[in-house]
Amino acid sequence: QVQLVESGGGAVQPGGSLSVSCAASGSIASIKVMGWYRQAPGKQRELVAIVASAASTTYGDSVKGRFTISRDDAKMTVYLQMNSLKPEDTAVYYCYAQNRVWREFWGQGTQVTVSS
C-alpha cells in the first residue's frame, strides 16, 4: 500500500506562481510513476504531469511550458511548480502514483484557485 500526502496549493492571481508537493509513504520501493492530475468542477479528471522512475516526464497539453514536475527519490516526493497560472488552471490537484504491477494510488487532493 502507498499513502500520498499533498501540501501547497492555495489561491493566486492570474499570471502568478504556486507550487505543490506530494510525499509518498508505505510501499515506496514499488513506486514506478508519480505525478499530478487535476479536476475542475463539472469536468473530468485530466493529466497535469507525470514522471517515471527513469526521469521521463509527460505533460498535459494545457500546461506545457508553464508547469514543471520534478521528483526526489531520496525523499520519495514529487513537486509541481506552476507558473503563468490562468483561471482555467483552477481545480483540485491530486497526487498520483503507480507501482510496478500497475496499481494506482491517489492523494486526497489540494485546491488551486486562480482568480483576480
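Attention in this report is confined to the structure presented alongside it. (Residues numbered from 1 in each chain as written. Predicted model: local features only at pLDDT ≥ 70, side-chain atom pairs only at ≥ 80, totals over all residues. Heavy atoms only, no water.)

### Focus: the packing of aromatic side chains
In the structure shown here, the tally under the stated rule is three aromatic pairs. On the basis of an interplanar angle of 70° and a centroid distance of 5.3 Å, the ring pair of Tyr37 and Trp106 is categorised as edge-to-face. Of the two residues, Tyr37 is situated in strand β4 (residues 31-39) and Trp106 in strand β10 (residues 104-106); the sequence distance between them amounts to 69 residues. Here the aromatic cluster, defined as three or more aromatic residues joined through ring pairs, consists of Tyr37, Tyr96 and Trp106. (Phe/Tyr/Trp six-rings, centres within 6.5 Å; stacked < 30°, edge-to-face > 60°. Helix = DSSP H or I, 4+ residues; strand = E, 2+ residues; numbered from the N terminus.)

### Points about the sheet that holds strand β3 (residues 18-26)
Judged by pairing direction, the sheet is antiparallel, and its four strands sit side by side in the order β1-β3-β8-β7 without closing on themselves. Every interior strand has two partners, whereas the edge strands, β1 (2-8) and β7 (67-72), have only one. Taking the axes of each pair of neighbouring strands and ignoring which way they run, one obtains an average angle of 15° across the sheet. The pairing of β1 with β3 spans seven bridges and is antiparallel. Bridge assignment links Gly8 to a residue of β3, and that residue is Val20. (Pairing = 2+ DSSP bridges. Axes fitted to C-alpha atoms, helices over the stretch in contact; angles between N-to-C directions.)

### Describing the pairing of β3
In terms of strand pairing, β3 meets strand β8 (residues 77-82) through six bridges, oriented antiparallel. What sits directly across from Ser21, in β8, is Tyr79.

### Some words on the state of the cysteines
As enumerated under the stated definition, the model contains one disulfide in all. Disulfide pairing places Cys22 opposite Cys95 at an S-S distance of 2.0 Å. Looking along the S-S bond of the Cys22-Cys95 disulfide, the torsion reads about -85°, which is the left-handed sense. Of the two residues, Cys22 sits in strand β3 while Cys95 sits in strand β9 (residues 91-99), which places them 73 residues apart along the sequence. There is no split in this pair, since Cys22 and Cys95 are both buried. (Disulfide = S-S within 2.5 Å. Buried < 20%, exposed > 50% of the residue type's maximum accessible area, 1.4 Å probe, protein only.)

### Remarks on the pattern of salt bridges
Summed over all chains, the structure comprises five salt bridges. For Glu46, the salt bridge goes to Arg38, with nearest N and O atoms at 2.6 Å. Two residues, Asp89 and Arg66, come together in a salt bridge whose shortest N-O distance is 2.7 Å. Of this pair, Asp89 sits in the loop between β8 and β9 while Arg66 sits in the loop between β6 (57-59) and β7, placing them 23 residues apart in sequence. A relative accessible area of 0% places Asp89 in the buried class. In this structure Arg66 comes out as buried when scored by relative accessible area, which is 11%. Several salt bridges share partner residues, and in doing so they unite Arg38, Glu46, Arg66 and Asp89 into one network. (Salt bridge = Lys/Arg side-chain N within 4 Å of Asp/Glu carboxyl O.)

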